[in-house]
Amino acid sequence: MTEHQDRARFTAMTEGTQEDWSIIGGHFRDFAKELPARVLTHLKLLEGDFGGFPIDRLEHSLQTATRAHRDGRDEPYVVMALLHDIGDTLGTFNHPEIGAAMLRPFVSEEVHWIANTHGVFQGYYFFHYLGMDRDLRENYRGHAHFEACAEFCEKYDQAAFDPAYESAPLSFFEPMVGRVFSRPLNSVYAKVA
C-alpha cells in the first residue's frame, strides 16, 4: 500500500474524506505552479506554422504582445496579446474561445472579452476577401468592451504580420506569463492555489 500513500483512496467522490482531499489539494497546488510552463510549451507549437501568412503564428503572437507592451499596456493585457491565438492548434474554428478560456481566471472581464471576441473583430480586415461580412463585429456594437476590442485588433493584432519588425523574444514574456498565471482572480479553485 505504500506506493499509493500520496493518492486518495476513494472510488467515488461521495466516499472522499478530508485526508483524501488534502492529498488532492496538495497535488493541485504543485500542478498549478507548472501552468505557466505548460502554456508556454503549447504556445511554442505555433512556431513554424505559417498558414500562408508572411510570418509564423508564434512571431505574430510575439509581435502582437511586443506592440502592446511598447504601448504601455499592463501585464495581463500583454499576456493576452501574446496568447490571443494560442488556440489555433486545437480550435481551428473557434481559436479565440480556447485562448480566452485559458486566460479567464487570470484577467479582467474586459481583457477576457477581447481575447474571446477578437476573431470576429479581426474579420473586419479580411472577411470581405473570403466572401464573408466584414462588419460582423457590428453585432457587438453597444457592448461595453466593443471599442477596446476594436482597438486591440487595429493597433496590435492586424498590424502584427511584419517580417522586418523586431519583436521581443519569448524569453522576455516568460516572467509576465508566470506572474499572470500565478494569480487567479476569478476561479472557484483560487483558494486551493
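Residues numbered from 1 in each chain as written. Predicted model: local features only at pLDDT ≥ 70, side-chain atom pairs only at ≥ 80, totals over all residues. Heavy atoms only, no water.

A.B. asks: Quick one: what's the story with the nonpolar core, residue by residue and with numbers?
C.D. replies: Grouped burial of nonpolar side chains is what soluble globular proteins tend to show. Counting residues in each nonpolar core, the largest one holds 39 residues, and the members touching the most others are Leu43, Leu82, Leu83 and Phe181. Elements supplying a minimum of two residues to this core: α2 (35-43), α3 (57-70), α4 (75-83), α5 (95-103), α6 (109-122), α7 (146-157) and α8 (170-180). (Core = buried A, V, L, I, M, F, W, Y, C linked by side-chain atoms within 4.5 Å. Buried < 20%, exposed > 50% of the residue type's maximum accessible area, 1.4 Å probe, protein only. Helix = DSSP H or I, 4+ residues; strand = E, 2+ residues; numbered from the N terminus.)

A.B. asks: Describe the packing of α3 against α8, naming the residues involved and giving the relevant values.
C.D. replies: For the pair α3 and α8, interaxial distance at closest approach is 11 Å and the crossing angle is 70°. By the angle between their axes, α3 is roughly perpendicular relative to α8. Every pair of crossing elements has a handedness; the one defined by α3 and α8 is left-handed. Between α3, through Leu62, Ala65, Thr66 and His69, and α8, the contact on the second element is made entirely by Leu170, Phe172, Phe173 and Met176. Of the residues in the contact of α3 with α8, the class split is six nonpolar, two polar and no charged. (Axes fitted to C-alpha atoms, helices over the stretch in contact; angles between N-to-C directions. Parallel < 35°, antiparallel > 145°, perpendicular 65-115°, else oblique. Left-handed = near helix turned anticlockwise from the far one by under 90°. Contact = heavy atoms within 4.5 Å. Nonpolar A, V, L, I, M, F, W, Y, C, P; charged D, E, K, R; others polar.)

A.B. asks: Pulling in residues and values, what's your account of a nonpolar patch on the surface?
C.D. replies: On the surface, a cluster of nonpolar side chains totalling about 460 Å² of accessible area is made up of Phe126, Tyr129, Leu130 and Met132. On the secondary structure map, Leu130 appears in the loop between α6 and α7. (Patch = residues over 30% accessible without salt bridge, like charges linked within 9 Å, V, L, I, M, F, W, Y side chains within 5 Å. Areas by Shrake-Rupley, 256 points an atom, 1.4 Å probe, with all protein chains shown as cover. Salt bridge = Lys/Arg side-chain N within 4 Å of Asp/Glu carboxyl O.)

A.B. asks: Any details on α7? Residues and values, ideally.
C.D. replies: Its twelve residues place the ends of α7 15 Å apart at the C-alpha level, agreeing with the 16 Å of an ideal helix rising 1.5 Å per residue. Taken together, the buried positions of α7 are occupied by Phe146, Ala148, Cys149, Ala150, Phe152, Cys153, Tyr156 and Asp157. (Expected span 1.5 Å × (residues − 1).)

A.B. asks: Account for the side chain of Asp20, naming residues and giving values.
C.D. replies: Within the secondary structure, Asp20 sits in helix α1 (residues 18-33). For the buried residue Asp20, which engages in no salt bridge, the nearest side chain bearing the opposite charge is Arg9, 5.4 Å off. A polar atom in the side chain of Asp20 sits 2.9 Å from the backbone nitrogen of Arg9. Beyond its immediate chain neighbours, meaning those up to four positions away, Asp20 contacts Ala8, Arg9, Phe10 and Glu15. (Lys, Arg positive; Asp, Glu negative; His and termini not counted. Polar contact = N/O pair within 3.5 Å; in protein donor to acceptor, adjacent residues only side chain to side chain.)

Purely geometric stuff here, so don't read any function into it on its own.
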